[in-house]
Every structure is written in C-alpha cells, then in structure tokens.
Amino acid sequence: MQARDVVLVDGIRTAFGKAGEKGFFWFTRADDMVVKVIRELLRRNPQVTPEMVEENVWGATTQEGDQGLTLGRTSAILAGLPDACSGFSVDRMCAGGMTAVTCAAAEIALGACDIAIAGGVEHMGHHPMGATAEPNPRFLADRLVSEDALSMGKTAENLHDMFPEVTKEMADEYAYHAQQKVARAYQAGKIQRTLVPMTVYTKEGWVVADRDQQPRPETTMDGLKTLKTPFRVQGNVTAGNSSGLNDGASGVLLMTADKAGKLGLTPRMKLVGFAYAGVKAEIMGYGPVPSTKKLFARTGLSMNDVGLIELNEAFAVQAIIFMREFGLKFPDDPRMNPWGGSIAFGHPLAASGPRLMIQLMHQFAERPEVRYGLATMCVGLGQGGSVLWENLQTTAQPSAAAGA
Ligand SMILES: CC(C)(COP(=O)(O)OP(=O)(O)OC[C@H]1O[C@@H](n2cnc3c(N)ncnc32)[C@H](O)[C@@H]1OP(=O)(O)O)[C@@H](O)C(=O)NCCC(=O)NCCS
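Values in this document were obtained by computation on a predicted structure and should not be read as measured data.

## Thoughts on the layout of surface pockets
By volume, the largest pocket is sized at about 640 Å³. For the largest pocket, the lining is made up of 31 residues, of which Ala239, Ser242, Ser243, Gly244 and Leu245 are closest to its centre. Elements with a minimum of two residues in the lining of the largest pocket: helix H5 (152–162) and helix H7 (221–225). Grouping the amino acids of the lining of the largest pocket by side-chain chemistry returns 16 nonpolar, 12 polar and three charged. Considering only enclosed or pocket space, the second largest pocket measures out at about 530 Å³ in volume.

Here it is as structure tokens:
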C-alpha cells in the first residue's frame, strides 16, 4: 500500500488559562473546550462540512471526568459531527495531542479516512497531574525507576546534574528570553491569530478568554534569581524557568493533499515524518534529542535542513540541552521558538503538541523560504516526540490567511 500525502489545512487553540480557581476555565468543562476548537476549525473552513469529517482523535493525560468517556467520540457528538464520524482518545501524557495528530495522519496516509480532526486538551485545574493515578508499587519496590521519575520537576533537576555545564543562570536567561519573545509576539498580534476566543463563566462573571493567562512580560533576570527551587533544596528549577500548570485545548484539521485540492482549500504544511523514542524516566526532558535523531535517520534529513523549530519548553534546562545537542545558539537561536514557548504560554500537557504545530503553520506563512519545520517535545516517564513538516506556503502571505 502506498502512503498518501497528509496535509495540515488549519489549526486553532483556546487561550491557555492558569489551572485552579483563579484560572478563567475553572468553571468550564474540558470537553466544551474541545468542542470550541472543533467548531472553530469548521467555521474557518466552510468547504469542510461536518459530514466530511470521518475521524476525531483527542489526546488527554487524565481520561476521566470531563476528559473521560473517550473524548474523541464524546466531543464529536457534542460538536455536531455526524453519527458516522468515529472518534477515539489517546494518552502519551504531554505528547497526547501530538500523538492524536500523528495517529490521525497515519489513518489518512494509509487510506482509512480522508479528513480528520485531531488535538489535545488538558484541564490541569480539574485534573492535577497524576492525582488519581495509582502507579504500580513495583516501579519503586523493584527499582524500575527512582522516585524522582514521578515528579517532572525533579527530572529537570536531574538533567542539571547530568549536564552540570547548564547552570541555573543559563536556565533563567533562557526563561527571560522566552518571556520576552512571547511578549513581542503578542505585541505584534501574532499569537492572537492562533487563538479562538471563548466566552466563559468565572467568579467575576462572564469573561472572554482571548489571551493566555500565564505569560509574565515583566519578568527580569533579577526577579528570576530570587525564586524558590521547589523540587530540591538549593536546586536549579524554579517557577520562573519551568512551564506552568494550565488549562487549554488545541486542534488541527488534516486531510489528504488530494482532498484539499478538490475542496479548494489551501494546505499549510505537509507531514514529512514523525518519530517517538524512549529515554530513562529520570531524565525525561532529554527525550526530544533521541526522537529527533530517530526522525532525521528515518527521513534522511538533518538539523541543517530545518528552518524552524517549535520545542515545548517543559523546563528551560531541557530546551538548552536540546540546543546544545543540535548546535543551536544559546539563549535564543532565531530558528527555535521565535514566538517564545511554554515557559510563558503555559503547558496544558496534551494541548501543547498541537500548539507547536499551529505556531509552525503561522510561522511558515511568514517565512516562505523555509522548507522544513520541526515540532518536538518531551514526555513524562521518559519519551520524546518529533514531527517534521514541510512548508507549503512558499509565496509570501500574511499568516492570518485561513479565514481568521
Ligand atoms: C514550578 C511549579 C511547582 C510552580 O508552581 P506555583 O508555585 O503554583 O507557581 P506560581 O505561578 O505561583 O509561582 C510561584 C512564585 O514564583 C513567582 N514567579 C513565577 N514566575 C515568575 C517570573 N517569571 N518572574 C518572577 N516571579 C515569578 C510567582 O509570582 C510566585 O510568587 P509568590 O510565591 O510570591 O506568589 C509549577 O508551575 C510546576 O509544577 N511546573 C511544572 C509543570 C510540569 O511538570 N509539567 C509537565 C512537564 S513534563
């Protein structure tokens, strides 16, 4: 069977809220956030009628409560997709949404369907990380992993141990630049194009969630220096150089290149390949290094071919190590996260993978000379995921192109 070309036609996300009672999504259900994304993808692309969507795939780390009952199916029904549209949910923790996209793309490539919606959601306010998980006691009793492996912040401290040349000051400097880049991208109106505003009920009444809550544009190096290190006494990892705890949903519209052409849609980028790889759970943040190497080995490409990189900043140390391994310039290589990253946007686990792809899609529009772009992220318990896309927006155009 010959694989078919899979293209990403559009993508959109909700703003990312702060998890907890102060977050604007506290009274909003996770599945309603997914519905918002699905409806917006269809609104922006009226050539795609709901009847044409054959598969709906969603990632979430906690698959219960308002994220339970097979989100892919529940959100399809709630969003008004036809009964005939099948749906399923996946979990690869932080890379749940990324995996939803690659699963849907694989179905399309192999001819199982022509058009799919895929994405990720995480309401970390309703579902604090790992709160209801019951890890098998053998993990610790048989020393399959150390206790650190179950705390993501501790795995980041472990990375500092493993690469002592990556100091706290470097992590803070990286975080400072991440905040600055997000502030600049907001000022230029770039991030707003990636978001669907959502009217939500909060303690202050109805508000429109149309801007991420997490960014701290006022961040200074001096301010970062003074923060506590909650994961280790006199450690290196702080609230300032970590991603936060957040709520959000992101999704994309995928189809065959052929279908996009027939519907008169402008595909934004084409899937070139993807790879996942495992590493020791205690250093989970290292994951994007082997997954990206595996991806390059399988596609015959290298970092020299890649003009844009969207790396999920779970922790600054992990981003810096990736940069060092691939010869990128510290602290802000122009190719990597040009609009900043999760340290400022926040990281609602499974929602982050599609966010990387959505930003890549918009950045490709601004950079028609760039051919390949990479989306990559680390995953709890020791994995990395990497997805390579080819820019199909090869003539200069404003990045708001698709119906925004
Ligand atoms: C690091 C972490 C524990 C911090 O949680 P928190 O304490 O609720 O975070 P807060 O936003 O309240 O920040 C803590 C303090 O740092 C301050 N702070 C945070 N970022 C700052 C910045 N950029 N500049 C200055 N101060 C900052 C806050 O103002 C707050 O100060 P306060 O205690 O005086 O109120 C949490 O964000 C976390 O666990 N992050 C990692 C998430 C994760 O593991 N994801 C999965 C990845 S694989």
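Let us keep going from here.
## Remarks on the site of the ligand
Taken together, the neighbourhood of the ligand is formed by 19 residues, with Met129, Met152, Arg216, Thr219 and Ser243 sitting nearest. In the model, a nitrogen atom of the ligand is placed 3.0 Å from a nitrogen or oxygen of the threonine 219 side chain. Here a nitrogen atom of the ligand and a backbone polar atom of serine 243 are 2.9 Å apart. Coverage of the ligand by the protein amounts to 64% of the 970 Å² it exposes when considered alone. Residues of the shell around the ligand, tallied by class, amount to 12 nonpolar, six polar and one charged.

## Comments concerning the packing of aromatic side chains
Counted by the stated rule, this structure contains seven aromatic pairs. Ring centres 5.3 Å apart and planes at 65° place the aromatic pair tyrosine 201 and tryptophan 206 in the edge-to-face group. In this structure an aromatic cluster arises from ring pairing among Phe27, Tyr201 and Trp206. The ring of tyrosine 276 has arginine 92 lying over it, and the distance from NZ or CZ to the ring centre is 3.6 Å. When the ring centre of tyrosine 186 is taken as origin, the NZ or CZ atom of arginine 211, which lies over that ring, is 4.2 Å away.

## Observations concerning the nonpolar core
Core analysis: the biggest nonpolar cluster contains 45 residues, and Ile38, Val48, Val53, Ile117, Leu253 and Met255 have the highest contact counts within it. Within the residue set of this core, elements represented by two or more residues are strand S1 (6–13), helix H1 (30–44), helix H2 (71–78), strand S5 (115–123), helix H6 (168–187), strand S6 (198–202), strand S8 (246–256) and helix H11 (342–345). With eight residues, H1 is the single largest residue contributor to this core. If we skip the residues at most four places from it in the chain, valine 48 touches Leu42, Val53, Ile115, Leu253, Met255, Leu263 and Leu265. If you look at the next biggest cluster of nonpolar residues, it comprises 42 residues, including Ala156, Met170, Met303 and Tyr372.

## Structural notes on the environment of tyrosine 286
Positionally, tyrosine 286 belongs in the loop between strand S9 (269–278) and helix H9 (288–299). Under the relative-accessibility criterion, tyrosine 286 is labelled buried at 16%. Expressed as a C-alpha distance, the spacing of tyrosine 286 and methionine 152, which sit 134 residues apart in the sequence, is 12 Å. Contact partners of tyrosine 286, with chain neighbours within four places excluded, come to Leu159, Phe163, Val279, Ile321 and Glu325.

## Focus on the packing of helix H3 (residues 96–109) against helix H12 (residues 352–366)
Between H3 and H12, the least distance of the axes is 5 Å, while the angle of their chain directions is 65°. Taken together, the axis directions place H3 and H12 in an arrangement best described as roughly perpendicular. Taken together, the residues of H12 that come into contact with H3 (itself represented by Gly97, Met98 and Val101) are Gly353, Pro354 and Met357. Of the residues contributing to the contact of H3 with H12, the split by class is four nonpolar, two polar and no charged.

## So, the side chain of glutamate 282
Considering the arrangement of structural elements, one finds glutamate 282 in the loop between S9 and H9. Buried and without a salt bridge, glutamate 282 has lysine 280 as its closest oppositely charged side chain, separated by 4.4 Å. Reaching out from glutamate 282, the side chain makes a polar contact with the backbone nitrogen of serine 146 at a distance of 2.6 Å. Ignoring anything within four residues of it in the chain, the contact list for glutamate 282 reads Val145, Ser146, Ala149, Thr155 and Asn158.

## Structural notes on the packing of H9 against helix H10 (residues 316–325)
In a packed pair of helices, the relevant descriptors are the angle between the two axes and the axis-to-axis distance. Between H9 and H10, the shortest axis-to-axis distance is 10 Å and the interhelical angle comes to 35°. Contact residues: Pro288, Val289, Thr292 and Lys293 in H9; Gln318, Phe322 and Glu325 in H10. Classifying every residue of the contact of H9 with H10 gives three nonpolar, two polar and two charged.

## Some thoughts on the environment of proline 230
Secondary-structure assignment places proline 230 in the loop between H7 and S8. Looking at proline 230, the relative accessible area reads 55%, which means it is exposed. The spacing of proline 230 and glycine 153 is 77 residues in sequence and 8.2 Å in space, taken between C-alpha atoms. With near-sequence residues (within four places) excluded, proline 230 lies in contact with Val237 and Thr238.

Each value, and the rule that gives it
- Residues numbered from 1 in each chain as written.
- Predicted model: local features only at pLDDT ≥ 70, side-chain atom pairs only at ≥ 80, totals over all residues.
- Heavy atoms only, no water.
- 1 Å grid on protein atoms, 1.4 Å probe; cavity = no way out; pocket = protein on both sides within 12 Å on 5 of 7 lines; lining within 4 Å.
- Points joined across faces, edges and corners; volume = space filled by probe spheres on them.
- Helix = DSSP H or I, 4+ residues; strand = E, 2+ residues; numbered from the N terminus.
- Nonpolar A, V, L, I, M, F, W, Y, C, P; charged D, E, K, R; others polar.
- Near = heavy atom within 4 Å.
- Polar contact = N/O pair within 3.5 Å; in protein donor to acceptor, adjacent residues only side chain to side chain.
- Areas by Shrake-Rupley, 256 points an atom, 1.4 Å probe, with all protein chains shown as cover.
- Phe/Tyr/Trp six-rings, centres within 6.5 Å; stacked < 30°, edge-to-face > 60°.
- Lys NZ or Arg CZ within 6 Å of the ring centre and 35° of its normal.
- Core = buried A, V, L, I, M, F, W, Y, C linked by side-chain atoms within 4.5 Å.
- Buried < 20%, exposed > 50% of the residue type's maximum accessible area, 1.4 Å probe, protein only.
- Contact = heavy atoms within 4.5 Å.
- Axes fitted to C-alpha atoms, helices over the stretch in contact; angles between N-to-C directions.
- Parallel < 35°, antiparallel > 145°, perpendicular 65-115°, else oblique.
- Lys, Arg positive; Asp, Glu negative; His and termini not counted.
- Salt bridge = Lys/Arg side-chain N within 4 Å of Asp/Glu carboxyl O.

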